[in-house]
Amino acid sequence: LERLTIYPARGSPVVTLIIITIGATVAIRALALLAWGSSAQWVPAFSTMELEDLVLNFGGVIVRAQSFWIWGTVAVVLAVLFYFFERTIMGKALRACAVNRRAAQLMGISPSRMSLLSFALAAALGAIGGIVLGPVTRPIYDMGLMLGLRGFVAAIMGGLVSAPGAVMGGIILGVVENIAAGVTNPTYKSVVSFIILIVILLFRPQGIIGGGERGVEE
């Protein structure tokens, strides 16, 4: 995807690159529809039947066994990402390109390779997320749109550059959505995400859980 869409247009404005990626997602959803059809798929849970039937109740909040797999995976992924970005040369090079692409290039870092690495890393994280979420979401060909929008809202809440902030933003967003669904109509659950996004962009675009890193404009 990066080599076929982003790399040929690497000199274009950011808005153009965003539009290209949106077009790519439409094409990917169409391919998924052709490959798997329009019906939701069934994915078996990781746990045994006995563990999957286990339901814990914390003050009215019901937690199933698969949720613990999700939380454990998030913890491991966060630890790996922290080590990668803070302790490895490749991770620091990727951060340098995010802060100031031209300065990183002057220091001998290849923005082209870092772009490819970032897409590969995003694909790996998306695959891991799909694997652990599959048993609780009943995957369907177009489910990525709403998950992506919710992930974007969570990332905005975390300041866009903080992985722990994005996780905390996702937790807060999920709690607020479910409370709103319980108080109002469940069909309005998705609307809450967009309301939160608009409010954050209007009043605190740097995020509510951290300002993040600011790069130098080229």
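Residues numbered from 1 in each chain as written. Predicted model: local features only at pLDDT ≥ 70, side-chain atom pairs only at ≥ 80, totals over all residues. Heavy atoms only, no water.

On to the side chain of Glu 2. Mapped onto the secondary structure, Glu 2 falls in helix H1 (residues 2–6). Residue Glu 2 is classed as buried on the basis of its relative accessible area of 4%. Among residues more than four places away in sequence, those in contact with Glu 2 are Tyr 7, Pro 8, Ser 112, Ser 115, Leu 116 and Phe 119. (Helix = DSSP H or I, 4+ residues; strand = E, 2+ residues; numbered from the N terminus. Buried < 20%, exposed > 50% of the residue type's maximum accessible area, 1.4 Å probe, protein only. Contact = heavy atoms within 4.5 Å.)

Now for the packing of aromatic side chains. Under the criterion given, the structure shown has two aromatic pairs. Relative to Trp 71, the ring of Phe 68 has its centre 5.5 Å away and its plane inclined at 80°; by these criteria the two rings are edge-to-face. With a gap of three residues between them, Phe 68 and Trp 71 both fall in helix H4 (residues 65–87), about one helical turn apart. The partly exposed category is assigned to Phe 68, whose relative accessible area is 37%. Measuring from ring centre to ring centre gives 5.1 Å for Phe 84 and Phe 85, while their planes differ by 70°; the resulting arrangement is edge-to-face. Among the residues examined, Phe 85 registers a relative accessible area of 23% and is labelled partly exposed. Directly above the aromatic system of Tyr 7 lies the positively charged group of Arg 3, at a separation of 4.2 Å from the ring centroid. Sitting over the face of the ring of Tyr 7, Arg 10 holds its NZ or CZ atom 4.0 Å from the ring centroid. (Phe/Tyr/Trp six-rings, centres within 6.5 Å; stacked < 30°, edge-to-face > 60°. Lys NZ or Arg CZ within 6 Å of the ring centre and 35° of its normal.)

The subject of this paragraph is the side chain of Ser 193. On the secondary structure map, Ser 193 appears in helix H10 (residues 189–203). For Ser 193, the residues in contact, after removing those within four places along its chain, are Arg 150, Val 153, Leu 173 and Glu 177.

It is worth spelling out the nonpolar core at this point. In terms of nonpolar packing, the biggest core is built from nine residues, these being Val 153, Ile 156, Met 157, Leu 173, Ala 180, Val 192, Ile 196, Leu 197 and Ile 200. Only helix H8 (144–157), helix H9 (163–183) and H10 provide two or more residues apiece to this core. Per-element tally for this core: the top contributor is H10, with four residues. Not counting chain neighbours up to four residues away, the residues in contact with Ile 196 comprise Val 153, Met 157, Leu 173 and Val 176. One finds Leu 94, Ala 104, Ile 109 and Met 114 within the second-largest nonpolar core, a separate group that totals seven residues. (Core = buried A, V, L, I, M, F, W, Y, C linked by side-chain atoms within 4.5 Å.)

Right, let's talk about H8 for a bit. With 14 residues, H8 extends 20 Å between its outermost C-alpha atoms, agreeing within 8% with the 20 Å of an ideal straight helix rising 1.5 Å per residue. Within H8, the full set of buried residues consists of Val 153, Ala 154, Ala 155, Ile 156 and Met 157. Against the buried residues of H8 lie H9 and H10. Just downstream of H8, Gly 159 is the residue with a positive phi angle, here 90°. (Expected span 1.5 Å × (residues − 1).)

Now for the packing of H4 against helix H5 (residues 89–99). At a minimum axis distance of 5 Å, the contact between H4 and H5 shows a crossing angle of 80°. The pairing of H4 with H5 is recorded here as roughly perpendicular in orientation. Here Phe 84, Phe 85, Glu 86 and Arg 87 of H4 come into contact with H5, specifically with Ile 89, Met 90, Gly 91, Lys 92, Leu 94 and Arg 95. The residue makeup of the contact of H4 with H5, split by class, is five nonpolar, one polar and four charged. (Axes fitted to C-alpha atoms, helices over the stretch in contact; angles between N-to-C directions. Parallel < 35°, antiparallel > 145°, perpendicular 65-115°, else oblique. Nonpolar A, V, L, I, M, F, W, Y, C, P; charged D, E, K, R; others polar.)

The subject of this paragraph is the environment of Thr 73. With respect to the helices and strands, the residue Thr 73 is situated in helix H4. C-alpha of Thr 73 to C-alpha of Gly 129: the two residues are 56 residues apart in sequence and 8.6 Å apart in space. What Thr 73 contacts, discounting residues up to four positions off in sequence, is Ile 128 and Val 132.

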